[in-house]
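Close look at the chain arrangement
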Protein chains: 2
Amino acid sequence: QGKTQATFSNRGMTLEEDIALTNDYYRHANIAIVHKNPTPIQIVNVDYPKRSAAVIKEAYFKQASTTDFNGVYRGRYIDFEAKETKNKTSFPLSNIHQHQIDHMRACEAHGGICFIIVKFAIHEEVYFLPAAKLFWYWNDQFQGGRKSIPYDHMKVEGELLPFHYQARVDYAAALDKLYF
Amino acid sequence: QGKTQATFSNRGMTLEEDIALTNDYYRHANIAIVHKNPTPIQIVNVDYPKRSAAVIKEAYFKQASTTDFNGVYRGRYIDFEAKETKNKTSFPLSNIHQHQIDHMRACEAHGGICFIIVKFAIHEEVYFLPAAKLFWYWNDQFQGGRKSIPYDHMKVEGELLPFHYQARVDYAAALDKLYF
Ligand SMILES: [Mg+2]
Ligand SMILES: [Mg+2]
């Protein structure tokens with residue numbers, strides 16, 4: 001596919017931006033249809049000026065009831081959360097919320113494929129971790145286990161995602177490997 | 001399931017609200033996981049007052065790139081748009097946007113199930129119309145056909161959705177009938 005191997009370094013893009021570009025590429029290349037769920041906003045006050053667009057004058061951020069991204073790939077429902085950490089040695093589970101775990105559990109129970117994409121900024125590496133493995137760490141923290149996923153574990157349990165020029169966070173190959 | 005048959009009359013709820021309640025019921029009853037996509041907002045200016053929540057002071061509505069709802073049902077990706085019309089004799093296709101058609105086409109091409117839910121307010125009836133049938137009317141309008149779906153056609157081509165106390169727009173049964 002003429003992709004160029006490279007690294008994530010010094011590109012000044014957030015993980016979410018890289019995934020958004022990947023999704024654009026997947027859509028145009030007819031690989032998958034995946035969109036970012038917009039941030040939910042509670043709108044309190046809107047101005048409707050004559051001859052111009054409505055202006056929201058007062059609004060508040062609401063907690064999302066889902067994860068960041070969802071869509072369809074090879075006939076399957078996919079759903080995932082993207083998280084970036086500056087931590088060198090582990091991914092703190094405090095980055096994930098209970099309601100996101102609940103949402104992913106429910107989606108998987110109905111046959112969806114859920115996962116998280118974690119970027120270790122210092123290592124310039126991005127990992128794909130299937131929800132089932134995330135759930136294991138999530139549960140373990142309430143049974144006296146650690147409250148983070150060690151970087152060394154992620155290297156073993158997760159899939160390192162390659163950077164490609166167009167598919168900057170190329171998670172489709174990991175899906176192929178793990179679920180198809 | 002102890003549902004009560006009734007009508008949509010005089011309940012003062014919008015179609016979107018009825019679907020939101022249906023989705024809540026489906027989620028709690030472990031039938032499907034479906035969420036409304038939040039309205040996308042372009043945020044221009046945010047205030048961060050001390051000791052209280054961030055206030056969005058200037059923002060604008062953006063056009064959504066997807067449809068209203070998506071999720072997973074019986075292992076399949078589902079995606080749909082909900083529309084209400086006060087028109088008595090037809091559903092004007094101007095209620096649907098080209099980008100929503102494109103999105104539904106793409107999702108169906110990847111194995112998703114797409115449809116629209118149309119409420120005829122005057123008739124107090126709600127119909128489920130599969131995307132394939134919508135596409136037929138959509139294309140036909142550019143080939144000299146009518147720019148709306150006649151109510152009489154909807155009665156034949158669509159599935160009349162029953163009102164149930166908890167599943168107020170009970171689209172799961174239509175999915176079972178048409179796709180499983
Ligand atoms: Mg995120
Ligand atoms: Mg709508």
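Residues numbered from 1 in each chain as written. Chains lettered and ligands numbered in written order. Predicted model: local features only at pLDDT ≥ 70, side-chain atom pairs only at ≥ 80, totals over all residues. Heavy atoms only, no water.

So, the overall build of chain A
- Counting its secondary structure elements, chain A contains five helices and twelve strands.
- The principal-axis extents of the C-alpha atoms in chain A amount to approximately 60 × 45 × 35 Å.
- Per-residue burial over chain A gives 48% buried out of 180 residues.
- Partitioning the contacts of chain A with sequence separation of at least 6, the portion at a separation of at least 24 is 66%.
- Summing over all exposed atoms, chain A offers an accessible surface of approximately 8700 Å²; the carbon and sulfur share of this is 49%.
- Charge centroids of chain A, computed over 21 positive and 20 negative side chains, lie 3 Å from each other. (Helix = DSSP H or I, 4+ residues; strand = E, 2+ residues; numbered from the N terminus. Buried < 20%, exposed > 50% of the residue type's maximum accessible area, 1.4 Å probe, protein only. Contact = heavy atoms within 4.5 Å. Areas by Shrake-Rupley, 256 points an atom, 1.4 Å probe, with all protein chains shown as cover. Lys, Arg positive; Asp, Glu negative; His and termini not counted. Charge placed at Lys NZ, Arg CZ, Asp CG, Glu CD.)

Quick notes on the coordination of the magnesium ion (ligand 2)
Residue and element names in this part refer to chain B.
- The protein atoms donating to the magnesium ion (ligand 2) are Asp68 (OD) and Ala82 (O), with metal-donor distances spanning 2.1 to 2.2 Å. Residue aspartate 68 is found in the loop between strand S4 (55-61) and strand S5 (69-73), and its partner alanine 82 is found in strand S6 (residues 76-85); the two are separated by 14 residues along the sequence. With respect to class, aspartate 68 is no different from alanine 82; both count as buried. (Donors = N, O, S within 2.8 Å, 3.2 Å for Na, K, Ca; no water.)

Examining the UniProt feature "site: Transition state stabilizer" (unreviewed entry) in chain A
All names here are of chain A.
- This chain's UniProt record puts "site: Transition state stabilizer" (unreviewed entry) on Lys83.
- Mapping lysine 83 onto the fold places it in strand S6 (residues 76-85).
- Each residue touching lysine 83, except ones within four places of it in the same chain, is listed here: Leu15, Phe91, Asn95, Ile96, Ile117, Val118 and Lys119.
- A distance of 3.3 Å separates a polar atom in the side chain of lysine 83 from a polar atom in the side chain of glutamate 81. (UniProt positions renumbered as here; feature names shortened; annotations may be inferred. Polar contact = N/O pair within 3.5 Å; in protein donor to acceptor, adjacent residues only side chain to side chain.)

Examining the UniProt feature "binding site: Mg(2+)" (unreviewed entry) in chain A
All names here are of chain A.
- Residues annotated in UniProt with the feature "binding site: Mg(2+)" (unreviewed entry) correspond here to Thr66, Asp68, Glu81 and Gln100. These residues run over 35 residues, yet every pair of their C-alpha atoms falls within 9.4 Å of each other.
- In this structure aspartate 68 touches Glu16, His35, Lys36, Asn37, Phe80, Glu81 and Ala82, once residues within four positions along its chain are discounted.
- With respect to the helices and strands, glutamine 100 occurs in helix H2 (residues 98-109).
- In this view, glutamine 100 contacts Thr66, Thr67, Glu81 and Asn95; residues no more than four positions away in its chain are not counted.
- Here the side chain of glutamine 100 touches glutamate 81 through a polar contact of 3.2 Å, side chain to side chain.

Examining the relation of the copies chain B and chain A
- Between chain B and chain A, which share one sequence, the superposing operator has a rotation angle of 180° and an axial displacement of 0.0 Å; the RMSD is 0.0 Å. Taken together, the rotation and translation describe the operation of a two-fold axis.
- A shared interface surface links the copies, since 100% of the contact residues of chain B are contact residues in chain A too. (Least-squares fit on C-alpha atoms with pLDDT ≥ 70 in both.)

With respect to the sheet that holds strand S8 (residues 113-120) of chain B
All names here are of chain B.
- Here we have six strands laid out as an open sheet, ordered S2-S5-S6-S8-S9-S11, and mixed in their pairing. This sheet does not close on itself; its edge strands, each paired only once, are strand S2 (33-36) and strand S11 (159-160).
- As paired strands, strand S9 (residues 125-130) and S11 are joined by two bridges and run antiparallel to one another. Along S11, the bridge assignment pairs phenylalanine 128 with glutamate 159.
- Across the face of the sheet, helix H2 (residues 98-109) comes into contact with S6 and S8 while running at roughly 140° to S8. (Pairing = 2+ DSSP bridges. Axes fitted to C-alpha atoms, helices over the stretch in contact; angles between N-to-C directions.)

As for the sheet that holds strand S2 (residues 33-36) of chain A
- One open sheet holds the six strands; their spatial order is S2-S5-S6-S8-S9-S11 (chain A), and the pairing between them is mixed. Looking at strand neighbours, the two that pair on one side only are S2 and strand S11 (159-160) of chain A, the edges of this open sheet.

Comments concerning unusual backbone geometry
- If you check the backbone angles, glutamate 124 of chain A has positive phi at about 50° while not being a glycine.
- In the Ramachandran plot, arginine 51 of chain B falls in the positive-phi region, its phi being about 60° despite a non-glycine side chain.
- Relative to the assigned elements, arginine 51 of chain B resides in the loop between strand S3 (41-47) and S4.
- Exposure remark for arginine 51 of chain B: the relative accessible area of 84% places this residue in the exposed category.

Remarks on the pairing of S8 of chain B
Residues and elements named next belong to chain B.
- In terms of burial, S8 is a largely internal element, eight of the eight residues being buried.
- With burial as the criterion, each face of S8 is covered, one bearing Ile113, Phe115, Ile117 and Lys119 and the other bearing Cys114, Ile116, Val118 and Phe120.
- In terms of strand pairing, S6 meets S8 through eight bridges, oriented parallel. The partner of threonine 85 across the bridge, within S8, is phenylalanine 120.

A few points about the interface of chain B and chain A
- Taken together, the 35 residues of chain B in the interface contact 35 residues of chain A.
- A buried area of about 2700 Å², summed over both sides, lies between chain B and chain A, and 68% of it is on carbon and sulfur atoms.
- Broken down residue by residue, the surface that chain B buries against chain A is led by Ile56, Phe61 and His110 of chain B, which jointly contribute 24%.
- For the pair chain B and chain A, the number of links is zero salt bridges.
- Those elements giving two or more residues to the side of chain B that touches chain A turn out to be S2, S3, S4, S5 and H2 of chain B.
- Sorting elements by how many residues they give to the side of chain B that touches chain A places S4 of chain B first, with seven residues.
- Tallied by class, residues from the side of chain B that touches chain A come to 19 nonpolar, 13 polar and three charged. (Buried area = accessible area lost by both parts, 1.4 Å probe. Salt bridge = Lys/Arg side-chain N within 4 Å of Asp/Glu carboxyl O. Nonpolar A, V, L, I, M, F, W, Y, C, P; charged D, E, K, R; others polar.)

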